[in-house]
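# Structural description and commentary
Listed below, chain by chain, are the residues.
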Amino acid sequence: DVYKNIAKTTKTNFSVLITGESGTGKELVAKTIHSFSTRSDSPFIVINMASLPKNLIESELFGYEKGAFTGAEKRTLGFFEKASGGTLFLDEIGDMPFDIQARLLRVLQFGEFSRVGGREQIKIDVRIISATNKDLQNEIAEGRFREDLLYRLNEFVVQLPPLRERGQDIVELAKYFFQIYKSQYQSKIKGFHKDTLNAMMNYYWPGNIRQLKSRIKRAVILCDTSLLAPSDLD
């Protein structure tokens, strides 16, 4: 179902909201949508809202004019202009400050914005893909997220299930990562003990695919037997 939804989004220019727990592969989905879209030859710019200092978010997104604030020594383009013609991926959109949400809404509505400290209205052609591990409806109820912005962001929604609900995918992903790290570290480990595969299928994986990848990498490095045992993944 996830693959089918991804395929559908590549044929449109809709804004896409990718939801799911941390570590489920939201950025990978965003890259895939961009890569198979008509914008694939244009930039794919990633912004993590949770990692940007709040006092810099506006200037990072929209750029700024020379003299707009102390230290603004020259005109600087923001992420929107850098992504012109391509895709802007707004990761952890639920962490975007409320006041910046209003500016983003206007950009999505009118396709234009002004740099910080400037008056010129700049037209843009950028596809927005956003992602969150938060319940945005709850954020709206708590007054931390704009409902009208959500309607602009979720023209198409891709819901990623947690790893623990993906059945045999756990084994397939584990084998995939194993082959990568076996080659990278020139390991002589042959594979997984059957008890290890069963243990992985029954584990909760709170960190999802990111956690699985990390565990496999560490196990390949540290294991000194021919097969990876359950204890190697502890």
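Everything below is about the structure shown above.
As a starting point, this report considers the structure included with it. (Residues numbered from 1 in each chain as written. Predicted model: local features only at pLDDT ≥ 70, side-chain atom pairs only at ≥ 80, totals over all residues. Heavy atoms only, no water.)

Here we take up the overall build of the protein. When helices and strands are counted, the protein shows 10 helices and nine strands. For the C-alpha atoms alone, the extent of the protein along its principal axes is close to 65 × 35 × 35 Å. The burial tally for the protein puts 44% of its 234 residues in the buried class. The contacts in the protein between residues at least 6 apart in sequence include a share of 72% that link residues at least 24 apart. The positive charge centre, built from 33 side chains, and the negative charge centre, built from 29, are 5 Å apart in the protein. (Helix = DSSP H or I, 4+ residues; strand = E, 2+ residues; numbered from the N terminus. Buried < 20%, exposed > 50% of the residue type's maximum accessible area, 1.4 Å probe, protein only. Contact = heavy atoms within 4.5 Å. Lys, Arg positive; Asp, Glu negative; His and termini not counted. Charge placed at Lys NZ, Arg CZ, Asp CG, Glu CD.)

Okay, helix H5 (residues 98-110) next. In this model H5 runs 19 Å from its N-terminal to its C-terminal C-alpha over 13 residues, within 8% of the 18 Å that 1.5 Å per residue would give. Listed in full, the buried residues belonging to H5 are Ile100, Gln101, Leu104, Leu105 and Val107. Each buried residue of H5 sits inside an arc of 160° when the element is viewed along its axis, so together they form one side. Where H5 is buried, its residues contact helix H3 (57-62), helix H4 (79-82), strand S3 (87-91), strand S4 (112-113) and helix H7 (147-153). Phi turns positive one or two residues past the end of H5, at Gly111, with a value near 65°. (Expected span 1.5 Å × (residues − 1). Arc of directions from axis to C-beta.)

Take the pairing of strand S2 (residues 44-48) next. By the alternation rule, side chains of S2 split into Ile45 and Ile47, which are all buried, and Phe44, Val46 and Asn48, of which none is buried. Summarising the sheet, S2 and S3 pair through five bridges and their orientation is parallel. Each bridged residue has a counterpart across the sheet, and for Val46 the counterpart in S3 is Phe89. (Pairing = 2+ DSSP bridges.)

Glancing now at the sheet that holds strand S7 (residues 156-159). Strand pairing within a sheet occurs via backbone hydrogen bonds; the two strands may be parallel or antiparallel. What the five strands build is an open sheet, ordered S2-S3-S6-S1-S7; its pairing is parallel. Two strands lie at the open edges of the sheet, namely S2 and S7, each paired on one side alone. Between one strand axis and the next, the sheet turns through 20° on average, direction left out of account. As defined by bridge partners, S3 adjoins strand S6 (residues 127-132) across four bridges and the pair is classed as parallel. Each bridged residue has a counterpart across the sheet, and for Leu90 the counterpart in S6 is Ser130. (Axes fitted to C-alpha atoms, helices over the stretch in contact; angles between N-to-C directions.)

Along the polypeptide, Glu139 turns up in helix H6 (residues 136-141). Taking relative accessible area as the criterion, Glu139 reaches 7% and is therefore assigned buried. C-alpha of Glu139 to C-alpha of Gly117: the two residues are 22 residues apart in sequence and 31 Å apart in space. Setting aside anything within four residues of it in sequence, one finds Glu139 in contact with Gly94, Lys134, Arg144 and Phe145.

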